[in-house]
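Secondary and tertiary structure notes
Listed below are the residues making up each chain.
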Amino acid sequence: SALLSPVSRYAIRGQIPMFSVNSNTPGTGKGLLIDTLSTIVTGRRAPSWAQTNDDAEMEKQLMTIALSGDLLVHIDNVTETLGSGPLHRALTSESVTGRLLGLNEERTVLLDTIFFTSGNNISYRDDMVRRMVPIELDPKIEHPEERNDFKRNPLLPWVAKQRATLLIDAITILLAYMRDGQSSQKLTGLGSFQEWSNLVRSALTWVG
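Let me sum up the structure you'll find in this document. Note that this is a predicted model, so its numbers are computed, not measured.

1. A look at the packing of helix α7 (residues 163–179) against helix α8 (residues 194–207)
As a packed pair, α7 and α8 sit with axes 9 Å apart at the nearest point and diverge in direction by 90°. As judged from the angle between their axes, α7 and α8 are roughly perpendicular. Of the residues in α8, those touching α7 at I173, L174, A176, Y177 and M178 are N198, L199, S202, A203, W206 and V207. Taken together, the residues that form the contact of α7 with α8 break down as nine nonpolar, two polar and no charged.

Here's what the structure looks like:
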């Protein structure tokens, strides 16, 4: 879901939920997972932002993100309860409104960006829960940063070389579902993210 969402972003009218990568310990590869997804879709690591729960600062960040046009961004190392009014609105609205830095001018800008977050034992404000898809990583060892038995290490250079193949694989799932007529998977509604559910969520259900 976290891969197919940015792949199909411009085929979806409306917003896409945040993907939150959580673990119970450092060193499990949360940032690496997000950078892998970003490398497949965009060819580079995900732009990284620090967490802020200050509404005024978050509004500035959102305006900057919207103006940058980045397909996805990574709010890294979440340590405080995740959620704020501006972020909640951004996840369910198609634009952000705010003042441009250095100018006494207010502007409304389209926001197509998909948000990713990562952290250890993340807690969420109640309003955030329905706006996100949780991804839980459990290494099942005490010191995951010491692992050295990976099949491909380092991973990102390999992903970059295989990017075309991996991207085609992702598109194939979506295309196969669409060619099959996008049959209803009889899923429950998903509030502000219905078009995303009708494509990404339904395609993954359809494919098994």
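2. Quick word on the packing of aromatic side chains
Scanning all chains against the criterion turns up two aromatic pairs. Pairing F19 with F116 gives two aromatic rings, centres 5.4 Å apart and planes at 25°, and the pair type is stacked. Here the residue F19 occupies a position in strand β1 (residues 18–23), and F116 occupies one in strand β6 (residues 114–120), the gap between them amounting to 97 residues. Just as F19 is buried, F116 falls in that class too.

3. Focus: the pattern of salt bridges
Applying the stated criterion across every chain, the model contains five salt bridges. Between D112 and R9 there is a salt bridge, and its shortest N-O distance comes to 3.8 Å. On the criterion of sequence distance, the pair formed by D112 in the loop between β5 (106–110) and β6 and R9 in the loop between α1 (4–7) and β1 is long-range, its members being 103 residues apart. Exposure remark for D112: the relative accessible area of 33% places this residue in the partly exposed category.

What counts, and at which threshold
Residues numbered from 1 in each chain as written. Predicted model: local features only at pLDDT ≥ 70, side-chain atom pairs only at ≥ 80, totals over all residues. Heavy atoms only, no water. Axes fitted to C-alpha atoms, helices over the stretch in contact; angles between N-to-C directions. Helix = DSSP H or I, 4+ residues; strand = E, 2+ residues; numbered from the N terminus. Parallel < 35°, antiparallel > 145°, perpendicular 65-115°, else oblique. Contact = heavy atoms within 4.5 Å. Nonpolar A, V, L, I, M, F, W, Y, C, P; charged D, E, K, R; others polar. Phe/Tyr/Trp six-rings, centres within 6.5 Å; stacked < 30°, edge-to-face > 60°. Buried < 20%, exposed > 50% of the residue type's maximum accessible area, 1.4 Å probe, protein only. Salt bridge = Lys/Arg side-chain N within 4 Å of Asp/Glu carboxyl O.

Taken by themselves, the reported measurements are silent on function.
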